Amino acid sequence: MKKLLACFLALVMTASLAACQGNEPDDQPSDGHGPDDGSTAGEPICLAKSEYGNPMVGFDGEGNIIYGGDPSALVVGDTLYLYVGHDSAVFPNEAYDIPEYLCYSTKDLKEWTYHGSVLSMTDVSWADKKSAWAGQVARHYDETAGKDMYYMYFCSWDNTDNGKQSIGVAVSDSPTGPFEDIGEALVKGSFTYDETSGWNDIDPTVWIETGDDGEEHRYLAWGNGKLYICELNEDMISVKDYNGDGEITFPEDVRSKTVPASYTEAPWLYRRQDENGNYYGDYYLFYAYGWREQMAYATCTDLMENRLNFEDTIMPPTATSNTNHMAVVDFLGKTWFIYHNGSLPAGSGFRRVACIEELKFYDDGTIEYPEETAAGPFGIASTLTALNGEVLVHAHYNNSPADDQYPYKDVALGSGLDRATAMDSQWEIVAGKASPDDETTVSLESNNKPGLYVTVTDDGSVVLSQDYDGKMAEAQTFRTLSGLAGEGVTFESVTQPGKYLTLSGGSLTLSDGSDANAVSFTVEAV
């Protein structure tokens, strides 16, 4: 959580500079051109940092990085619970190593409580011990127990079913676990016998509602390449005999659905609610589209009987992960799109982290495109303008569907770059990655390419790069000084002291600061 790294809350951020003498940034109102405290040019200052940006989690209770992907979410009263599969692979290992599911909770989507492991694969007798693939938790009232119980639907390689993937379920009386597996797979991979691979049966999603007929329906859907759906019995741990013939069969009780366009995996069921909490309109199936995975959605009017109609893609491949997986939930009066990328140090599709954006619907039910951002809904994105009038941007590009184009580590920086957009000029200013406790250092993260930072290379050039190996913290950290031009802020390289970010003639370079207007920047919140 970047809030663990940030030193100040930026309530108003034009430049919000202060000499580092204990003054809060908002105690030092600024016109956007530097400190108003009489500090001299080149003196260390504190620049207000963005808090509560993406990723929203990614740390344990001690503040140590802990990767986790395939996010799912459950709202219980005033609390949202977030679940991720713990990515344990260590760079440069590019393979899935996911031994358990982790849980976080929040009441405001800003402050998060880490609850640790809620289900370990070592406690699932039929499962592979390093394959806690995507899951989702549902709440349902248990008549026998006389209280709400919580059901984690998950998937893993099944060592009792010829190495296929299967869907499991584990139960707890608390949303923070521990969850106890029922002792066998809920749906074995061999049961859905139209399989095209051993991993068709993955990524469960669940939806519970009372229909217009007054009957409660408990839908479970899943699949990679294939898309399966069934209804669950009231016990939540067995499949409903949908056609009433006295036995559970495929494809009568567990249906194989016609998949929407470029369906890959990661299904998530959702339906909108009115102001009274009543569900209405189409069912939405969000899913991963193609490869590298984009996000898309389809709709239908009946989950069991109707064809899913492809609507649109809504998010391109992320800048740092080959996969993506979403959760869509209503909380705090808004709808939220939770997804993953690899934006933490050494991140990738095998070391992922959960992020969030607000999801907005048009009047006709179609969805407004949610942008992947570093600042997210609660952080602050800013522009950086040199006193010579040049605005810092990175080269415009679309995230590639080709794996061999990653990681991005040499994106051009400058001003007036061809096709650069307003989003390409937005930066999240966070605490210095190499020295998060030093209030006079910062790192500059691209807002629309999360996980990519302004970086000083070994040869002294300056590029936009992912910290792909987790060893680039110093190269992506800058000391903040009162502007060498007598106003604004100057960024001094930590790896090359006495060298400053210089924006001149359309290029971003390091220089000795001779051109004071090119090394002095104003900072304005977007």
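Treat the numbers as computed from the prediction; the structure is a model and nothing was measured.

## Points about a negative patch on the surface
So, step 1. On the surface, a cluster of negative charge is contributed by Asp 282, Glu 311, Asp 312, Asp 363 and Asp 364.
So, step 2. Within the secondary structure layout, Glu 311 lies in strand E18 (residues 309–315).

## Focus: the packing of aromatic side chains
The relative placement of two aromatic rings is captured by the distance of their centres and the angle of their planes.
So, step 1. The tally for this structure, following the rule as stated, stands at 29 aromatic pairs.
So, step 2. Pairing Trp 222 with Tyr 228 gives two aromatic rings, centres 5.8 Å apart and planes at 45 degrees, and the pair type is tilted.
So, step 3. In this structure Trp 222 comes out as buried when scored by relative accessible area, which is 0%.
So, step 4. Over the ring of Tyr 283 we find Arg 271, and its NZ or CZ is 4.5 Å from the ring centre.
So, step 5. Across the ring face of Tyr 453, the terminal group of Lys 433 is positioned such that the distance to the ring centre comes to 4.3 Å.

## Let's talk about the confidence of the model for the protein chain
So, step 1. Residues at a pLDDT of 70 or more form 93% of the protein chain, whose mean pLDDT is 93.
So, step 2. Low pLDDT (under 50) marks residues 1–19, which in the prediction has 78 contacts with non-local residues, meaning those over four places away or in another chain.
So, step 3. For residues 21–37, every residue scores under 50 in pLDDT, and the model assigns this stretch 34 contacts once sequence neighbours within four places are set aside.

## Quick notes on the sheet that holds strand E13 (residues 227–231)
So, step 1. Strand order in the open sheet formed by four strands is E11-E12-E13-E14, and the pairing between neighbours is antiparallel. Strands at the two margins of the open sheet, each flanked by one partner only, are strand E11 (205–210) and strand E14 (255–257). Mean inter-strand twist for the sheet, computed between neighbouring axes without regard to direction, equals 25 degrees.

## Brief notes about the pairing of strand E4 (residues 79–86)
So, step 1. Burial runs high along E4: eight of the eight residues are buried.
So, step 2. For strand E3 (residues 68–76) and E4, the ladder comprises seven bridges, and the chain directions are antiparallel. The partner of Val 75 across the bridge, within E4, is Leu 80.
So, step 3. Linking E3 to E4, which pair antiparallel, is a turn of two residues; within it Gly 77 sits at a positive phi near 65 degrees.
So, step 4. Summarising the sheet, E4 and strand E5 (residues 100–106) pair through six bridges and their orientation is antiparallel. The residue bridging Leu 80 from the neighbouring strand is Thr 106, located in E5.

Cut-offs and rules
Residues numbered from 1 in each chain as written. Predicted model: local features only at pLDDT ≥ 70, side-chain atom pairs only at ≥ 80, totals over all residues. Heavy atoms only, no water. Patch = residues over 30% accessible without salt bridge, like charges linked within 9 Å, V, L, I, M, F, W, Y side chains within 5 Å. Areas by Shrake-Rupley, 256 points an atom, 1.4 Å probe, with all protein chains shown as cover. Salt bridge = Lys/Arg side-chain N within 4 Å of Asp/Glu carboxyl O. Lys, Arg positive; Asp, Glu negative; His and termini not counted. Charge placed at Lys NZ, Arg CZ, Asp CG, Glu CD. Helix = DSSP H or I, 4+ residues; strand = E, 2+ residues; numbered from the N terminus. Phe/Tyr/Trp six-rings, centres within 6.5 Å; stacked < 30°, edge-to-face > 60°. Buried < 20%, exposed > 50% of the residue type's maximum accessible area, 1.4 Å probe, protein only. Lys NZ or Arg CZ within 6 Å of the ring centre and 35° of its normal. pLDDT = per-residue confidence, 0-100. Contact = heavy atoms within 4.5 Å. Pairing = 2+ DSSP bridges. Axes fitted to C-alpha atoms, helices over the stretch in contact; angles between N-to-C directions.

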